[in-house]
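Structural overview for review
So the chains spell out like this:
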Amino acid sequence: DFLRPIPDDEDDPDLQRHRTNDEDNQEVEVFDPQTLAIERANEEEEKRWMESTKVKNVQSVQLGAYKMDAWYFSPYPEDYTKCVDTLLICEFCLKYMKTRRAL
């Protein structure tokens, strides 16, 4: 009984009936102008974020004795990414630092 094929949506009238009932019961959302303005601002902020993350900001990372090239954008603070070519990371606590002296 459990080996019979699963019917497609078009073949199963119960699924079609449930889908139609779900579509009929959906509520229509009405937005006021303030909500629309907030939504637009959020979309613009998201676009700015996407543009800023397209460029990788850390060239390489050194974790203990291992130095690795970065492939993608890294969400480290600008202070740590702008002034150094290699970001140093403590191999024990994973804290990121600018200088070896800080390690």
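In what follows, the structure referred to is the one given above.
**With respect to the overall build of the protein chain**
What the protein chain contains, in helices and strands, is three helices and four strands. Ordered by position from the N terminus, the helices and strands of the protein chain form the series α-α-β-β-α-β-β. Relative to all contacts within the protein chain whose residues are 6 or more apart in sequence, the contacts with residues 24 or more apart total 28%.

**Concerning the environment of Val61**
The topology assignment puts Val61 in strand S1 (residues 60-63). With 28 residues separating them along the chain, Val61 and Ile89 place their C-alpha atoms 7.2 Å apart. When neighbours within four sequence positions are excluded, Val61 is seen to be in contact with Tyr66, Lys67, Met68, Thr86, Leu87 and Ile89.

**Section: the sheet that holds S1**
Strand order in the open sheet formed by four strands is S2-S1-S3-S4, and the pairing between neighbours is mixed. Of all strands in the sheet, those bounded by a partner on one side alone are strand S2 (66-69) and strand S4 (96-97). In this structure, S1 lies alongside S2, joined through four bridges in antiparallel fashion. Bridge pairing in S2 links Gln62 to Lys67.

**What about the pattern of salt bridges?**
A full pass over the atoms with the stated rule returns one salt bridge. For Glu45, the salt bridge is made with Arg48, and the minimal N-O distance between the two is 2.7 Å. Taken together, the residues Glu45 and Arg48, both in helix H2 (residues 33-52) and three residues apart, mark about one turn of the helix. For Glu45, a relative accessible area of 43% corresponds to the partly exposed category.

**A word on the side chain of Ser74**
For Ser74, the position within the fold is in the loop between S2 and helix H3 (78-82). Look at Ser74 and you get buried, because its relative accessible area is 11%. With near-sequence residues (within four places) excluded, Ser74 lies in contact with Asn57 and Val58.

**As for the packing of aromatic side chains**
Enumeration over the complete set of coordinates arrives at three aromatic pairs. With a centroid separation of 4.9 Å and an interplanar angle of 70°, the aromatic rings of Tyr76 and Tyr96 are classed as edge-to-face. With Tyr76 in the loop between S2 and H3 and Tyr96 in strand S4, this residue pair connects regions lying 20 residues apart in the sequence. Taking relative accessible area as the criterion, Tyr76 reaches 25% and is therefore assigned partly exposed.

**Examining the pairing of S1**
Once S1 ends, the chain turns through two residues before running back antiparallel as S2, passing Gly64 with a positive phi of about 65°. As paired strands, S1 and strand S3 (residues 86-89) are joined by four bridges and run parallel to one another. Considered in S3, the bridge of Leu63 is made with Ile89.

Calculation rules
- Residues numbered from 1 in each chain as written.
- Predicted model: local features only at pLDDT ≥ 70, side-chain atom pairs only at ≥ 80, totals over all residues.
- Heavy atoms only, no water.
- Helix = DSSP H or I, 4+ residues; strand = E, 2+ residues; numbered from the N terminus.
- Contact = heavy atoms within 4.5 Å.
- Pairing = 2+ DSSP bridges.
- Salt bridge = Lys/Arg side-chain N within 4 Å of Asp/Glu carboxyl O.
- Buried < 20%, exposed > 50% of the residue type's maximum accessible area, 1.4 Å probe, protein only.
- Phe/Tyr/Trp six-rings, centres within 6.5 Å; stacked < 30°, edge-to-face > 60°.

Remember that the coordinates give geometry; whether it matters functionally is a separate question.
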